[in-house]
Amino acid sequence: MLLFGEGSPTFSFTRDGLRTALHRALDALGDRRRVLAVPPDFTRCHSHAGFLTELAWEYCGARLTGVLPATGTHRPMTPAELDRMRSLVREAME
């Protein structure tokens, strides 16, 4: 099931474009009572997963009941990366 499709080899999302794209995809899923975000961990910070998780919280509010970083598919996070990620998640959930 395709929830959103846009792009080309030269296409690049803006921050507002990411917000619009994520909101459209979540709209297509319909109303949800509880939402769990599963972003990649800090080692994939270039993916904008942190920003997308923040946007999911913006969209879902209290329905976003948890954030579970995906781990184990690449090198382990360093203690400093774990601390930074925990800090960012706490800030996003406040």
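Refer to the preceding data block for the structure.
In this text, all values refer to a predicted model and were calculated from it rather than measured experimentally.

Reading the values: the criteria
- Residues numbered from 1 in each chain as written.
- Predicted model: local features only at pLDDT ≥ 70, side-chain atom pairs only at ≥ 80, totals over all residues.
- Heavy atoms only, no water.
- Patch = residues over 30% accessible without salt bridge, like charges linked within 9 Å, V, L, I, M, F, W, Y side chains within 5 Å.
- Areas by Shrake-Rupley, 256 points an atom, 1.4 Å probe, with all protein chains shown as cover.
- Salt bridge = Lys/Arg side-chain N within 4 Å of Asp/Glu carboxyl O.
- Helix = DSSP H or I, 4+ residues; strand = E, 2+ residues; numbered from the N terminus.
- Contact = heavy atoms within 4.5 Å.
- Buried < 20%, exposed > 50% of the residue type's maximum accessible area, 1.4 Å probe, protein only.

Caption draft 1: Representation of a nonpolar patch on the surface within the structure. The grouping of Leu36, Val38 and Leu68 at the surface amounts to a nonpolar patch, some 280 Å² of accessible area in total. Inspection of the secondary structure puts Leu68 in the loop between β2 (64–67) and α3 (79–93).

Caption draft 2: Molecular detail of the side chain of Thr53. Turning to its location among the elements, Thr53 is positioned in helix α2 (residues 49–60). When neighbours within four sequence positions are excluded, Thr53 is seen to be in contact with Ala37, Pro39, Leu64 and Val67.

Caption draft 3: How the structure looks around unusual backbone geometry. Not every positive phi belongs to a glycine, and His48 is a case in point at roughly 65°. Mapped onto the elements, His48 comes out in the loop between β1 (35–37) and α2. Judged by its relative accessible area of 44%, His48 is partly exposed.

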